[in-house]
Amino acid sequence: MGAELEGVEARAAADPLAAGGLLERIVAWAGQVVGTPNGYICLIEADSGEMVLRVGTGAYADFVGLRMLKGEGLSGRVWETGDPLAIPDYSRWEGRVPQMATDAFRAVLGVPLVSGGEVSGVIGLSFSEPGREFSEDQVQQVSRFAEVASIALDNARLYAAAQQELVERQKAERRFRTLVEQLPVMVYSEEFEVGGSRMWVNPQVSMFGSSPEDSSTKNFWKTRLHPDDRDRVLAEEARCEQTGEPFRMEYRTVHSDGHVMWIRDECVLVRDEAGQPLYWQGVVVDLTDVRRALELEREAAQRLRALDQMKNTFLDAVSHELRTPLAAIVGIGLTLEHKADNLADADRSDLYTRLVANARKLDRLLNDLLDLDRLTHGIVAPKRRPTDVAALAARIADDWGLLNGRRPQVVAQPLTVSLDPAKVERIIENLLANAARHTPQDTPVWVRVEQPPGGDGVLLAVEDAGAGIPADVRDSVFEPFRQGPGAPTHAPGVGIGLTLVARFAELHGGRAWVEERQGGGSSFRVLIPDAPQEG
C-alpha cells in the first residue's frame, strides 16, 4: 500500500501536461496556420515568480528552460501588459533578451495565456525571413490557439488536482486503517470441547454490545451470527474441531442493538506437552469500518479511471478534429501558393471552396470548445430579442443543405419568440450535424418549429429516420464527449455538440431531450420558453 501511494503522489506532483504533449501540438498547429516552424510556450511558476520556456519548436528548441522575469523580453512584456505584442524585427528591438540576440528571430509575436482572468503563460511565434510580419488576422488566429492552450492547461490542472485529492484520501484511509489496527481487540479463550464450551473474553467484548458475563454462557457467540453466514461459520468450526487446524474466517455478526458488523475471527488450538488439545485461543477484530473504507477506495479509483478515460477521449478527439482541417488547409494553401497560376479556374474555385469549408470547420470546433468552457464557468448570458424562429430555421436548413448536399425538410409554424438567435442557430446546426454524423447520406431529416402545447415559447425538433437511440442511453448522449454506444465509423466528432445543445437550452431556461420518432428514428427536441426582450 505504501509503495502504491508513493507512486500516486509522484504522478500527482509531476507536470500534468508532460504525458499528453498537447502543448507541443498546439504550438505546432499555430505555426502551421501562420506558416512558421518557430514557436514556443512559456508558463509562469507561482513559486519562483518567473516565467519558464517549457515548449520550443524550430529555432526555439534550444531555449527550453530559459527563465524570464515580468517585463523582461517579449514574453515578459506580454505577461506585464496582458495583451498580444508583435515586434517587426526582434534582432533590432531594444527590449530583446540577450540570450536570444540572434538573426534567427525577425518578426516575433507573443499572445498571453489567460486562466481565471490572470496571465498564466505566453504562446509565441517568429519568422526567420527578413521582411515578413504578422498580420492582424494571424494575431487573431494565434489568439484562438492561446485560448485552446489555456483551456488545456486548466483541464490538466483540474486532472492533477483530482489525482492529488485521491492521494490525500488514500493517506487518510491509510491513517484510519493504522488506527483500527492499533485499537484493542477482543481476546478470547475457549476450552476445547467438541460442540463448544464456555468462553473467557476480555472487556473489549463491549464493542459488540455484550458483557463478559454474557459471553461466559456456552456458545453465546453463535447466537449473534448473521443468518446468512451461520451455516458456513458453523461448518468451518466443526471442521477445525475435528482436524485441530487454525480457524480463520471473516463473517458477519449482529450487535446487541441490531446493526450488522463484519469481523475477522482467528484462533489456534493450544496443546499440552503430550499433544493433547487444551483450549482455543484467539482474537476478534472489528472490520466493519475497514470494509467501508475499502469500498470508498474502490469508488474513488473508479471515479479516477472515469476521469482519466474522459481526459484521453477529449485529447484524442480534439487532436484528430483539429488536425484534419488543419492538414487540409495547409495542403490546399501550399497547392495554391506553388501552382495557382497553372490551375484551371474551376480547379482554383474548388480549392478555395474547400479551403473556406475547412477553415469554417476549424473555427466551429474552436468556438464549441470555448463556448463549453464559458458555459461551464457561467460567464455566458442569452442576448434575447424577438426572432422569427421559423424563418431562422428555414435559413439554417438551406445553408446546411448547400454545404452538406443533403437538404432537410422544414415543417415550421410562423412563430416569433424572444430568444438569443445566435445560440438557437447553434442548437439547430449542432442537431443537424449530429443527424448527419449518425445516419447514412440518404436518410430523411426533418426540422420542425412549433408552439409547445399549453405554453409560450417554441418547441424545436430535428428528426431523422435512422436507427434511433436506445432508451437507456438517451440521457447520456447530452453528456460531454459521449457519442452513444455503437457509434458508426462515419461518425467523427469531439462529442460536445449535443452537450452545447442542452447547455444553450438551459441558458434560456429550457431543456433538451431525445425520444423515438413516430415511424422510427430519433427526434431531438428543444423547448425554449419565451421571455421579455432584454433592455
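Scroll up to find the structure this text is about.
Residues numbered from 1 in each chain as written. Predicted model: local features only at pLDDT ≥ 70, side-chain atom pairs only at ≥ 80, totals over all residues. Heavy atoms only, no water.

Describing the environment of Gly-258
- Relative to the assigned elements, Gly-258 resides in the loop between β9 (247-254) and β10 (260-271).
- Expressed as a C-alpha distance, the spacing of Gly-258 and Gly-209, which sit 49 residues apart in the sequence, is 9.6 Å. (Helix = DSSP H or I, 4+ residues; strand = E, 2+ residues; numbered from the N terminus.)

Let's talk about the pattern of salt bridges
- Following the criterion strictly, the structure yields 25 salt bridges and no others.
- For Glu-245, the salt bridge identified is with Arg-239, shortest N-O distance 2.7 Å.
- According to the relative accessible area criterion, Arg-239 is partly exposed, its value standing at 34%.
- A salt bridge links Arg-395 to Asp-399, with the shortest nitrogen-to-oxygen separation between them at 3.7 Å. Of the two residues, Arg-395 and Asp-399 are both situated in helix α9 (residues 389-404); the distance of four residues between them amounts to about one turn of the helix.
- According to the relative accessible area criterion, Arg-395 is partly exposed, its value standing at 38%.
- Beyond isolated ion pairs, a larger network of salt bridges with shared partners links Arg-248, Glu-250, Arg-264, Glu-266 and Arg-291. (Salt bridge = Lys/Arg side-chain N within 4 Å of Asp/Glu carboxyl O. Buried < 20%, exposed > 50% of the residue type's maximum accessible area, 1.4 Å probe, protein only.)

Considerations on the nonpolar core
- Val-458, Leu-460 and Val-526 are the most contacted members of the largest nonpolar core, which has 35 residues in total.
- Put simply, the parts of the chain that give this core at least two residues each are α9, β14 (416-419), α10 (421-438), β15 (445-450), β16 (458-464), α11 (497-507), β17 (511-516) and β18 (522-528).
- Dropping the residues within four chain positions of it, Val-458 is found in contact with Val-389, Leu-415, Val-417, Leu-419, Val-449, Glu-450, Pro-452, Val-526, Leu-527 and Ile-528.
- The next biggest cluster of nonpolar side chains, apart from the first, holds 29 residues, and it includes Leu-23, Leu-43, Leu-109 and Leu-326. (Core = buried A, V, L, I, M, F, W, Y, C linked by side-chain atoms within 4.5 Å. Contact = heavy atoms within 4.5 Å.)

A few points about α11
- Burial runs high along α11: eight of the eleven residues are buried.
- Along α11, the residues classified as buried are Gly-497, Leu-498, Thr-499, Leu-500, Val-501, Ala-502, Phe-504 and Ala-505.

What about α10?
- End to end, α10 covers 26 Å across 18 residues, agreeing with the expected 26 Å (1.5 Å per residue, within 8%).
- Of all the positions in α10, only Pro-421, Lys-423, Val-424, Arg-426, Ile-427, Ile-428, Asn-430, Leu-431, Leu-432, Ala-433, Asn-434 and Ala-435 are classed as buried.
- The distance from a side-chain oxygen at the start of α10 to the backbone nitrogen of Ala-422 is 3.1 Å, and the residue carrying that oxygen is Asp-420. (Expected span 1.5 Å × (residues − 1). Polar contact = N/O pair within 3.5 Å; in protein donor to acceptor, adjacent residues only side chain to side chain.)

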